[in-house]
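# Observations on chain architecture
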Amino acid sequence: MREIQFREALREALNEEMRKNDKIFLMGEEVAEYNGAYKVSQGMLEEFGPKRVIDTPIAELGFTGISIGAAMNGLNPIVEFMTFNFSLVAIDQVINAAAKVLSMSGGQFSCPIVFRGPTGNAGQLGAQHSQNFDSWYANCPGLKVVVPSTPYDAKGLLKQAILDPDPVIFMESEVMYGDKGEVPEEEYYLPIGKANIVKEGTDVTIVTFGKMLSRVVMPAVEELTKEGINAEVIDLRTIRPIDYDTVINSVKKTNRMVFVEEAWPLGSIATEVAFKVQKDAFDYLDAPVLRVACADVPLPYAPTLIKEALPNAERVVAAVKSVLYKEA
């Protein structure tokens, strides 16, 4: 094992798969000459050349459409959105072309493509650049949606996503590119659709994904542990498909669940998982399922208001104590 940055883990995944298969190419804004807006593709232009690492104009709708056509004709594109906020410009292509082509062609055309880039807030970037579209894309049949939380997961899941015959939405976090974590020297893949039990526990199940794990949940768990509360932590890793079995088996053990998610609360992944838990583990619940999410507003610019709007460790601790019927 060695410790590398999140961006380096992504780069290794891209390089390893592109060296094996010359049908794989990367395209997006500033991925080539500038080495990527977040330096994920650093050095890739020199190794693979301008036909496989392609700078595009600021025209998401156009280059997304080109990549989908390429995928339908036997290539394996990886499309980098500088931020998933910009993917809205291309969402018609993602939803009405990539996600549906296999079904609407009667199985004649597959679309092996990865759309990747940062999601969520990254500080004072304004409401238009601070959104979480995880649940939006997860709502669409035909797509798979991956939201890694560590360099280890990022590399193993991206390699698997590149091999997947279906379109995969691969959502990273802008604030995590510099995070470090242990990654094996040897090659490995992680299955899409399998959650990770980060920490075993007996008192409450905390479910989350993406940067909420390191930024919010684990600091909360550290505080809960000091107070004698033994939380089980589950990282979904992928939110379409969702590993319901791991969550439900945990709830059957702990009898309580808190879901932590950065997105807006309405129609969230938390809402969906809470439904499945009450449906399949209702008799095991000793308290209502609670969620900790972003405030139901466009994210403010002022740092004081951002702090109030976003999930934090204090809110998670309070939610856990609530389902345990302990005073906050």
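Just above, that's the structure.
Residues numbered from 1 in each chain as written. Predicted model: local features only at pLDDT ≥ 70, side-chain atom pairs only at ≥ 80, totals over all residues. Heavy atoms only, no water.

## What to know about the sheet that holds strand 13 (residues 257–260)
The strand order 9-11-10-13-14 describes an open sheet built from five strands, whose pairing is mixed. Bordering the open sheet on either side are strand 9 (196–199) and strand 14 (290–292), each of which pairs with just one other strand. Adjacent strand axes in the sheet meet at a mean angle of 25 degrees, parallel and antiparallel pairs treated alike. Bridge count for strand 10 (residues 204–208) against strand 11 (residues 231–235) is five bridges, and the pairing is parallel. Each residue of the ladder has a partner; that of Thr205, found in strand 11, is Glu232. Its contacts with the sheet place helix 9 (residues 244–254) against strand 9, strand 10, strand 11 and strand 13, and it is angled at close to 175 degrees to strand 11. (Pairing = 2+ DSSP bridges. Helix = DSSP H or I, 4+ residues; strand = E, 2+ residues; numbered from the N terminus. Axes fitted to C-alpha atoms, helices over the stretch in contact; angles between N-to-C directions. Contact = heavy atoms within 4.5 Å.)

## What about the pairing of strand 4 (residues 76–80)?
The buried fraction of strand 4 amounts to five of the five residues, a majority that puts the element mostly inside the structure. Burial of the side chains of strand 4 extends over both faces: Asn76, Ile78 and Glu80 are buried on one face and Pro77 and Val79 on the other. Strand direction decides the pairing type here: strand 2 (residues 24–28) and strand 4, joined by five bridges, are parallel. Bridged to Phe25 within strand 4 is Pro77. Here strand 4 pairs with strand 5 (residues 114–119) via three bridges, running parallel. Along strand 5, the bridge assignment pairs Ile78 with Val114. (Buried < 20%, exposed > 50% of the residue type's maximum accessible area, 1.4 Å probe, protein only.)

## Quick notes on the packing of helix 8 (residues 212–226) against helix 12 (residues 313–323)
Packed helix pairs are characterised by how far apart their axes lie and by the angle those axes make with each other. Running from N to C, helix 8 and helix 12 point in directions that differ by 55 degrees, and their axes come no closer than 8 Å. Between helix 8 and helix 12, the angle is such that the two are oblique. Here helix 8 runs over helix 12; the crossing is right-handed. From helix 8, Val216, Pro219, Ala220, Glu223 and Leu224 reach across to helix 12, where they touch Ala313, Val316, Val317 and Val320. Residue classes in the contact of helix 8 with helix 12 are distributed as eight nonpolar, no polar and one charged. (Parallel < 35°, antiparallel > 145°, perpendicular 65-115°, else oblique. Left-handed = near helix turned anticlockwise from the far one by under 90°. Nonpolar A, V, L, I, M, F, W, Y, C, P; charged D, E, K, R; others polar.)

## Section: the environment of Glu308
Its location among the elements puts Glu308 in helix 11 (residues 303–309). Sequence spacing of Glu308 and Ala295 is 13 residues, and the spatial spacing of their C-alpha atoms is 8.0 Å.

## Looking at the sheet that holds strand 6 (residues 144–146)
Ordered in space as 3-2-4-5-7-6-12, the seven strands form an open sheet in which the pairing is mixed. One side of each edge strand has no neighbouring strand; the edge strands of this open sheet are strand 3 (53–55) and strand 12 (238–240). Within the sheet, the average angular offset between the axes of one strand and its neighbour, ignoring direction, is 20 degrees. Sheet analysis places strand 6 next to strand 7 (residues 168–173), joined by three bridges and oriented parallel. Residue pairing across strands places Val146 opposite Phe170, the latter belonging to strand 7. Across the sheet, helix 1 (residues 6–20) touches strand 2, strand 3, strand 4, strand 5 and strand 7, and the angle it forms with strand 2 is around 135 degrees. In the packing of helix 7 (residues 151–163) onto the sheet, contacts are made with strand 2, strand 4, strand 5, strand 6, strand 7 and strand 12, and the angle to strand 7 comes to roughly 160 degrees.

## A word on the pattern of salt bridges
This model, assessed by the stated rule, comprises 22 salt bridges. With a shortest N-O distance of 2.8 Å, Arg2 and Glu12 are connected by a salt bridge. Taken as a pair, Arg2 in strand 1 (residues 2–5) and Glu12 in helix 1 lie far apart in primary sequence, 10 residues in all. Glu16 is paired through a salt bridge with Lys155; the nearest N and O atoms lie 2.7 Å apart. Residue Glu16 is found in helix 1, and its partner Lys155 is found in helix 7; the two are separated by 139 residues along the sequence. The exposure class of Lys155 is buried, given its relative accessible area of 0%. Connected through shared salt-bridge partners, Arg2, Glu12, Glu16, Glu17, Lys20, Lys155, Lys159, Glu185 and Glu187 make up one network. (Salt bridge = Lys/Arg side-chain N within 4 Å of Asp/Glu carboxyl O.)

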